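# Architecture and fold: a report
Listed below are the residues making up each chain.
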Amino acid sequence: MIEPASAPPRTARPPRSGLTRPTALLLAAASAVTAANVYLNQPLLGAAARSLGVAPDVLGAVPTATQLGYAAGILLLVPAGDSHDRRRLILGLGTASALALAACAVAPGVTWLVVAGFAVGLLSPVPQLVTPLAVALAAGGGNADRGRVVGTVQAGLLVGVLASRAYSGALAEQVGWRAVFGCSCVLTLLTMLVLSRALPRVPAAAAASYRSTLASLPRLFAAHPPVRRITVSGALVGIAFGAFWTTLTFLLSQEYGYGSTEIGLFGLVAAASALASPYAGRLADRLGRRGTLAALIGLVIAGWLLLLPGGGSLWWLLAGVVVLDVGVWGSQAASQTSLFSLDPAVHSRLNTLYFTLRFSGIAVGSLAGTVAWSGGGWPAVVITGTTTALAGLCVAAGPDRFALRRHGRS
């Protein structure tokens, strides 16, 4: 139970309109579009470097700046969803991110592109606001099936992440890298226009200032063991995830001789995780947090064990990718479902805590995977990923001193 000392009291009732299936799909599409904006610059670096007359590695600062901006946006902007109308926040951030994409499209130099890329990331944590909004709408309509709602919205986010690299690279070959940013700008604006007409107005979940919601984050993390367990286990699984996807490039290029095109397409193997996300959320509704996370993080560990012979066998590698990704993204859906069983007045801040630690874990995992690859090759990477996933399992499945839910199982 979330105590008043750690979270502002609720002052507004949930919206009564409910969450219809078309609205849920629209919110999933909004997550897809805004999440894609964070990752679409990666396939464009070579073309942009040639256009701007710089070495390709110089533009490596662009995706780094975008990811840093995204992390900052999650930490600094998403908590406002508890004290402000989430509909207005989503529309405002989406429109501002479209302007940042337009700035990328007209960038005259590297510095401009890096700054604009940071702005794109900073203004793009719309999915982290969309999910609590979808849960609130579902609760207002008498629908307590949080897992299905979370899984549906996350499936949209995954589709956006997976599709962004493919479509931006293909489109850039036809119309140029600047047009990719321009098209994404237009698509984002159209999405915000549709949302402005379709979404109901949602009152703030709590009567509090933005400063107080931001200041309450450390207390919210420290005072409640279930929150700590879910977020820390998410970070540990994030380390295992980051270690894999960073070193996969090394493995595919050095051991299998694949080029950048084949490596980029290899990511589509993970599409199964998008299909599995809604089911993972439903599983959390039925089995509770500990049982669901134990099963799904267990899949992450099983995926790493399948990946061990993947250093020399493509079929083992493909099987490991599918199992690991289903476990990673499924555990994320289950974690969010469990967090959203807590007081609605703190949902946005819970999302902030979870994703801040999650992305921090992925960043640490990228570094740890690189170090492991340099020191011991693929087997060392597998040991790193398996160990951190096992630690995440131990943290997630351990008992709590306090109940996770107000009612029902934990």
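Per an unreviewed UniProt entry, the chain goes by MFS transporter and derives from Streptomyces chrestomyceticus. Checking UniProt for the chain, the heading Subcellular location (unreviewed entry) contains the comment "Cell membrane".

Taken together, L75, L76 and Y210 make up a surface patch of nonpolar side chains, about 230 Å² in accessible area. Following the sequence through the fold, L75 ends up in helix 3 (residues 61–76). Residue L75 is classed as partly exposed on the basis of its relative accessible area, which comes to 36%.

You can see H347 is positioned in helix 16 (residues 347–397). Separated by 218 residues in the primary sequence, H347 and L129 place their C-alpha atoms 9.2 Å from one another. With residues near it in sequence (within four places) discarded, H347 still touches D82, R86, P132, V135, L339, F340 and L342.

A separate point is the packing of aromatic side chains. All told, the structure shown has eight aromatic pairs when counted by the stated rule. Here F244 and W304 contribute two aromatic rings whose centre-to-centre distance is 5.9 Å and whose plane-to-plane angle is 85°, an arrangement assigned as edge-to-face. One end of the pair, F244, is in helix 11 (residues 225–254); the other, W304, is in helix 14 (residues 289–307), and 60 residues separate them in sequence. The burial state of F244 is the same as that of W304; both residues are buried.

Right, let's talk about the UniProt feature "transmembrane region" (unreviewed entry) in the chain for a bit. With numbering aligned to this structure, UniProt lists the feature "transmembrane region" (unreviewed entry) at residues 59–78, 90–123, 175–195, 230–251, 263–280, 292–308 and 378–399. In residues 175–195, the share of helix is 95% and the share of strand is 0%. The end C-alpha atoms are 28 Å apart. In this annotation, residues 292–308 is assigned 94% helix and 0% strand; the end-to-end C-alpha distance for the span is 25 Å.

Applying the stated criterion across every chain, the model contains two salt bridges. As a salt-bridge pair, R86 and D82 come within 3.3 Å of each other at their nearest N and O atoms. The class for R86 is buried, based on a relative accessible area of 5%. One salt bridge connects D82 with R349, and the closest N-O pair in it is separated by 2.7 Å. Pair noted here: D82 is in the loop between helix 3 and helix 4 (86–105) and R349 is in helix 16, with a separation of 267 residues, a long-range link. On the basis of relative accessible area, R349 is assigned to the buried category, the value being 0%. If you follow the salt bridges from partner to partner, you end up with D82, R86 and R349 in one network.

Reading guide: rules and limits
- Residues numbered from 1 in each chain as written.
- Predicted model: local features only at pLDDT ≥ 70, side-chain atom pairs only at ≥ 80, totals over all residues.
- Heavy atoms only, no water.
- UniProt positions renumbered as here; feature names shortened; annotations may be inferred.
- Patch = residues over 30% accessible without salt bridge, like charges linked within 9 Å, V, L, I, M, F, W, Y side chains within 5 Å.
- Areas by Shrake-Rupley, 256 points an atom, 1.4 Å probe, with all protein chains shown as cover.
- Salt bridge = Lys/Arg side-chain N within 4 Å of Asp/Glu carboxyl O.
- Helix = DSSP H or I, 4+ residues; strand = E, 2+ residues; numbered from the N terminus.
- Buried < 20%, exposed > 50% of the residue type's maximum accessible area, 1.4 Å probe, protein only.
- Contact = heavy atoms within 4.5 Å.
- Phe/Tyr/Trp six-rings, centres within 6.5 Å; stacked < 30°, edge-to-face > 60°.

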